Amino acid sequence: MLGPEFEKKIDAIVAKYPQPKAALLPVLWEVQKAQGHIDFASEQWVAKRLDVAPSHVHGCVTFYTMYKQKPSGTYHIQVCTTLSCMLRGSDELMKHLEAKLRIRPGQTTPDGRFSLARVECLGSCGTAPMFQLNDDFQEDLTLEKVDRLLESLP
Amino acid sequence: MERILTRNVGKEGSRTLAVYEAGGGYQALRKALSSMTPDAVTEEVKKSGLRGRGGAGFPTGLKWSFMPKEVDPKRPHYFLINADESEPGTFKDRLLMEEDPHLVLEGSLLGGYAIRASVVYIYIRGEFVRGAEILERAIAEAYAKGYAGRNILGSGWSCEVVVHRGAGAYICGEETALMSSLEGNRGYPRLKPPFPAASGVWGCPTTINNVETVANAPFILERGADWYLTVGKAPKNTGPKLYCLSGHVKRPGVYEAPMGLPLHELIYELGGGMLRDDRALKAVIPGGSSVPVLRADECEVDLDFDSLAAKGTMLGSAGLMVMDESVCMVAAMARIAHFYHHESCGQCTPCREGCGWLERVLARIEDGRGVPQDLDLLLSVSNNIIGNTICALGDAAAMPAISFVTKFRDEFQYHIDHKSCPTGTLAGRA
Ligand SMILES: Cc1cc2nc3c(=O)[nH]c(=O)nc-3n(C[C@H](O)[C@H](O)[C@H](O)COP(=O)(O)O)c2cc1C
Ligand code: SF4
Ligand code: FES
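None of the values given here were measured: they were computed from a predicted structure.

Draft legend 1. Here's a closer look at the overall build of chain A. For chain A, the helix and strand inventory stands at 7 helices and 4 strands. Dimensions of chain A along its principal axes, counting C-alpha atoms only, are 50 × 30 × 25 Å. Taking all 154 residues of chain A together, the buried fraction comes to 54%. Counted over contacts in chain A with a minimum sequence separation of 6, partners at least 24 positions apart contribute 56%. Of the roughly 7,100 Å² of accessible surface on chain A, a fraction of 53% belongs to carbon and sulfur atoms. Across chain A, the mean location of the 18 positive side-chain charges is 1 Å away from that of the 19 negative side-chain charges.

Structure representation (structure tokens):
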């Protein structure tokens, strides 16, 4: 599906576990890294490679919130709104982002640049409010800091 | 006070093997592998009084001693490190993994040796992308130096170390759900017994410990259990502890102190006091959002397992969420209930439906649409969850709900009677 290099990577992952099925989460991560999201065809391929039912793969893709079934924006912003962040103003932060990007949580801007999500505690409560921007945490945020950050993105 | 667990935090190059070794790193592993049997390591940890830092406070040495003393080649032993850190208010394991990954590794290897493991899996929550990368680099360094892999330090013991990333699910921090997830399934908790030491991941003998728990092991082995007993409150609340302070304080963050730090000292000295001097303390959740809340007048307490239990709450994951008088307790509890409803795996009806009820009833009280029976409804739904579920997530939603409603009943009642909030806001504001 994704070429011989990819297959080799998958073989190395599978070798780390006593059963191929255990490689499911890491293999799904690799698929998502390569393609941006996990589509139906990839689910089928993974099922075959790990010798599990396609429905099992789909069940896991939907159970775990970080697997994406459709592409998200180039910049995926996940705002934590759990209690410690709420106490430090995460609701204002979310409102600010909604107004600025003109989208609601769960949506992507029409140009595909930004997507927004409301998420639960990210283990960064001491530097609240915060959000995760793609792979990185942006912490101790203020509205001004957010504006500067978004403007600085290429 | 001497910093123990966080001694390398903030040091230049703290993630590298060179800096870790320069500070005496991997000496405990050398000592254990060259001069101690696995059972002697377990005995030393037992003697130290170390209790699990993941939430339940179970004695670590005792847990290790449940593992079979012989390895059946068809059933290898596995050591799982719980780095899922998703309990709201908790952010200590991330600090250890990102700032001192070799400490986490050395502790994991010591535990692995004690329980005769052939593989250590570090299950890290999917969002900690950088933490996983940092661990991977440290593991590669450790392999290159012979601290992991085949025939470690010439001892004849071999053990692989594998980082396994989760993918977004609070429930995978629960130990049996973590095992389901590691096996490549949805993170569904399982009934105990069987306990992991008898039949854990892939049906093999398994031990699971929190990141901070194993980070204590190198110090116990290197300096001895007798030294460890002098830190904190012997015999049952020993050792150094990482406290996660968040919410309405001037200096939130992770603070290390001997187990039993007075709560007031954490808030007013280490944490610099309340965020706003004109706002008084109202409540503290002391152990992550799963434990009962303390009212300000209950906050004369030491932060250790037994002192907090005596106050009817728990040390849990030591995630302290501080709330000042501007916070609406209905809004705070509604936010907590939303979390548990979102994270319930849905296997047990009392948890799946009960968490939904809690969220909906709290939301309507907060919105000024509550009815007089709602407070008793919240209590009865909570009481019907407790003890009736496969795992403790249900209790983790119900116990805070009961504590909020009983300790702040007037405030909940006010919302119902006046269709408005006595704090004048919907939620506390910084
Ligand atoms: C719903 C739920 C979530 C949990 N999340 C975590 C977690 O994120 N990290 C953790 O170490 N323990 C967590 N635990 C506790 C684990 O089940 C287990 O007790 C712990 O990892 C054992 O390690 P310890 O003995 O070193 O504390 C959770 C428990 C429950 C019921
Ligand atoms: S108590 Fe809740 S989270 Fe735990 S197994 Fe039951 S439904 Fe799942
Ligand atoms: S509550 Fe937001 S990171 Fe923990």
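Draft legend 2. Expanded view of the nonpolar core. Core analysis: the biggest nonpolar cluster contains 91 residues, and Y64 of chain A together with M323, F404 and F412 of chain B have the highest contact counts within it. Residue contributions to this core peak at 10 residues, all from helix α14 (residues 329–343) of chain B. By size, the runner-up hydrophobic cluster in this structure holds 64 residues, among which are C80 and M130 of chain A together with L29 and A215 of chain B.

Draft legend 3. The interface of chain A and chain B, seen in detail. Of the residues lining the interface, 41 residues belong to chain A; the matching set on chain B comes to 61 residues. Both faces considered, chain A and chain B share a buried interface measuring about 4,000 Å² in area, 58% of it formed by carbon and sulfur atoms. When residues of chain A are sorted by the area they lose upon contact with chain B, F63, L87 and R88 of chain A head the list and together hold 17% of the total. Inspection of the region where chain A meets chain B yields 3 salt bridges. Across the pair E139 of chain A and R94 of chain B runs a salt bridge whose closest N-O atoms are separated by 2.8 Å. Counting every contact that joins chain A to chain B gives 24 residue pairs in polar contact (both at pLDDT 80 or more). Residue assignment for the side of chain A that touches chain B shows that the elements contributing at least two residues are α2 (24–35), α4 (54–63), α5 (83–87), α6 (90–101) and β4 (136–138) of chain A. Per-class residue counts for the side of chain A that touches chain B are 19 nonpolar, 12 polar and 10 charged.

Draft legend 4. Fine view of the side chain of D100 of chain B. Residues and elements named next belong to chain B. Within the element layout of this structure, D100 appears in the loop between α5 (92–99) and α6 (101–114). Within the buried core, D100 has no salt-bridge partner, and the shortest N-O distance to an opposite charge, that of R7, equals 5.1 Å. Other than its neighbours up to four places away in sequence, D100 contacts N8, S14, Y20 and L95.

Draft legend 5. Up close: the packing of aromatic side chains. Applying the stated criterion to the full structure yields 21 aromatic pairs over all chains. When the centroid spacing of 6.2 Å and the interplanar angle of 65° are considered together, the rings of F137 of chain A and F128 of chain B count as edge-to-face. Taken together, the residues F137 of chain A in strand β4 and F128 of chain B in the loop between β2 (117–124) and α7 (129–144) connect one chain to another. The residues F137 of chain A and F128 of chain B share a single accessibility class, namely buried.

Draft legend 6. Structural context of unusual backbone geometry. Between A128 of chain A and P129 of chain A the backbone carries a cis peptide bond, its omega angle lying at -5°. In this model, A234 of chain B is joined to P235 of chain B through a cis peptide bond whose omega is 0°. Looking at where P235 of chain B falls in the secondary structure, it is placed in the loop between β5 (232–233) and β6 (237–238). Even without a glycine there, the phi angle at R102 of chain A is positive, about 55°. Positionally, R102 of chain A belongs in the loop between α6 and β2 (114–119). Looking at R102 of chain A, the relative accessible area reads 74%, which means it is exposed.

Draft legend 7. Geometry of the pairing of strand β13 (residues 319–324) of chain B. Residues and elements named next belong to chain B. Burial analysis of β13 places 6 of its 6 residues in the buried class, which makes it a mostly covered element. Alternating positions in β13 separate into two faces, G319, M321 and M323 on one and L320, V322 and D324 on the other, with burial throughout. Across 4 bridges, the pairing between strand β7 (residues 240–247) and β13 is parallel. Among the inter-strand pairings, S246 is bridged to a residue of β13, identified as M321. Here strand β10 (residues 281–285) runs beside β13; their pairing, made up of 4 bridges, is antiparallel. The residue of β13 that forms the bridge with V284 is V322.

Draft legend 8. Up close: the confidence of the model for chain B. Residue-level pLDDT values for chain B average 97, and 99% of them are 70 or greater. The ipTM for the predicted assembly is 0.98, set against a pTM of 0.97.

Draft legend 9. Up close: the site of ligand 1. All names here are of chain B. Residues in close proximity to ligand 1 total 18 residues, the closest being G54, K63, N209, N210 and T213. A distance of 2.7 Å separates an oxygen atom of ligand 1 from a polar backbone atom of G54. Taking 620 Å² as the accessible area of ligand 1 by itself, protein coverage stands at 89%. In terms of residues, the shell around ligand 1 owes the most to one element, strand β4 (residues 206–210), which gives 3 residues. The residue inventory of the shell around ligand 1, partitioned by class, reads 4 nonpolar, 8 polar and 6 charged.

Quick notes on the rules
- Residues numbered from 1 in each chain as written.
- Chains lettered and ligands numbered in written order.
- Predicted model: local features only at pLDDT ≥ 70, side-chain atom pairs only at ≥ 80, totals over all residues.
- Heavy atoms only, no water.
- Helix = DSSP H or I, 4+ residues; strand = E, 2+ residues; numbered from the N terminus.
- Buried < 20%, exposed > 50% of the residue type's maximum accessible area, 1.4 Å probe, protein only.
- Contact = heavy atoms within 4.5 Å.
- Areas by Shrake-Rupley, 256 points an atom, 1.4 Å probe, with all protein chains shown as cover.
- Lys, Arg positive; Asp, Glu negative; His and termini not counted.
- Charge placed at Lys NZ, Arg CZ, Asp CG, Glu CD.
- Core = buried A, V, L, I, M, F, W, Y, C linked by side-chain atoms within 4.5 Å.
- Buried area = accessible area lost by both parts, 1.4 Å probe.
- Salt bridge = Lys/Arg side-chain N within 4 Å of Asp/Glu carboxyl O.
- Polar contact = N/O pair within 3.5 Å; in protein donor to acceptor, adjacent residues only side chain to side chain.
- Nonpolar A, V, L, I, M, F, W, Y, C, P; charged D, E, K, R; others polar.
- Phe/Tyr/Trp six-rings, centres within 6.5 Å; stacked < 30°, edge-to-face > 60°.
- Pairing = 2+ DSSP bridges.
- pLDDT = per-residue confidence, 0-100.
- Near = heavy atom within 4 Å.

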